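# Per-entry structural report
Residue strings, one per chain:
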Amino acid sequence: MAGEPELTRADYRHFLEIPTRWMDNDVYGHVNNVEYYSYFDTVVNQYLIEQGGLDYLNGETVGFVVETRCSYKRPIAFPDVVEAGIRVARIGTSSVTYEVGLFKKGQEAICAFGHFVHVYVDRATNKSAPIPEKARAAMEAIRAG
């Protein structure tokens with residue numbers, strides 16, 4: 001991600017507010033780096049459940065996370081509220097790459113950005129499977145221009 005331009009709020013297609021918790025802070029007084037990946041996972045899966053028909057308990061096809069990356073720009077600390085934005089950078093036959101941006105509520109400066117890759121597999125066989133049509137349509141709706 002080095003050398004890539006920093007994205008702004010306007011670059012993201014869907015947002016979710018995520019309150020930080022006291023326990024998210026580390027001894028340095030800001031949200032620990034591992035929590036950022038939890039925010040990524042939360043915004044992506046919330047979108048898929050609400051818009052893409054994700055049935056994470058009983059669906060025949062599930063998305064496995066195979067890669068994540070995060071670049072940190074500005075700290076977040078409890079009691080900040082995170083506004084997590086996503087957009088789809090790439091859709092393949094069985095995989096999708098999301099780009100995620102984390103912002104403090106009401107602020108324009110990005111605090112962290114990264115990507116999150118799902119590969120879809122058949123739950124019974126654990127073999128690669130096409131992205132379900134409803135999920136694909138939801139992904140297309142937030143695809144980067």
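For every chain, the first residue of the written sequence is number 1, and numbering continues from 1 along that sequence. Only residues with pLDDT of at least 70 are given local features in this predicted model, and only at 80 or more are side-chain atom pairs given and counted; all residues enter the totals for whole chains, interfaces and linings. Hydrogen atoms and water are omitted, and side-chain values are computed over all heavy atoms in the structure.

On to the pattern of salt bridges. Salt bridges are defined as contacts in which a side-chain nitrogen from Lys or Arg sits within 4 Å of a carboxyl oxygen from Asp or Glu. Here the structure, examined in full by the defined rule, presents eight salt bridges. Where Lys-105 meets Glu-17, a salt bridge forms, and the shortest distance between an N and an O atom there is 3.3 Å. Linking Lys-105 in the loop between strand E4 (95-104) and strand E5 (110-122) with Glu-17 in strand E1 (residues 14-19), this pair joins segments that are 88 residues apart in sequence. Exposed residues in this analysis have more than 50% of their type's maximum accessible area, buried residues have under 20%, and partly exposed residues fall in between, with area computed by a 1.4 Å probe over protein chains only. For Lys-105, a relative accessible area of 47% corresponds to the partly exposed category. With a relative accessible area of 43%, Glu-17 lands in the partly exposed category. Residues participating in the shared-partner salt-bridge network are Arg-9, Glu-83 and Glu-108. Helix and strand definitions here come from DSSP, where helices need a minimum of 4 consecutive H or I residues and strands a minimum of 2 consecutive E residues; each element is numbered from the N-terminal end.

For strand E3 (residues 81-91), a buried count of eight out of 11 residues is recorded, marking the element as mostly surrounded by other parts of the structure. Two strands are counted as paired when DSSP detects at least two bridges linking them. As paired elements, E1 and E3 share six bridges and run antiparallel to each other. Within E3, the position partnered with Phe-15 by the bridge is Gly-85. Sheet analysis places E3 next to E4, joined by nine bridges and oriented antiparallel. Paired with Arg-90 across the bridge in E4 is Thr-97. What sits between E3 and E4 in their antiparallel hairpin is a turn of three residues.

In this structure, Glu-99 sits in strand E4. By the criterion applied in these results, polar contacts are pairs of N or O atoms within 3.5 Å in which, for protein atoms, one can donate a hydrogen and the other can accept it, and in which residues neighboring in sequence qualify only through two side-chain atoms. A polar contact is formed between the side chain of Glu-99 and the side chain of Arg-87, at a distance of 2.6 Å. Ignoring sequence-local partners within four residues, the contact set of Glu-99 consists of Leu-7, Tyr-12, Gly-85, Ile-86, Arg-87, Ala-89, Gly-114 and His-115. Throughout, a residue-residue contact means that at least one pair of heavy atoms, one from each residue, lies within 4.5 Å.

Another aspect to go through is the side chain of Ser-94. Topologically, Ser-94 is positioned in the loop between E3 and E4. For Ser-94, a relative accessible area of 16% corresponds to the buried category. In this structure the side chain of Ser-94 is engaged in a polar contact, spanning 3.0 Å, whose partner is the side chain of Ser-128. Setting aside its immediate chain neighbours within four residues, Ser-94 contacts His-118, Val-119, Tyr-120, Ser-128, Ala-129, Pro-130 and Ile-131.

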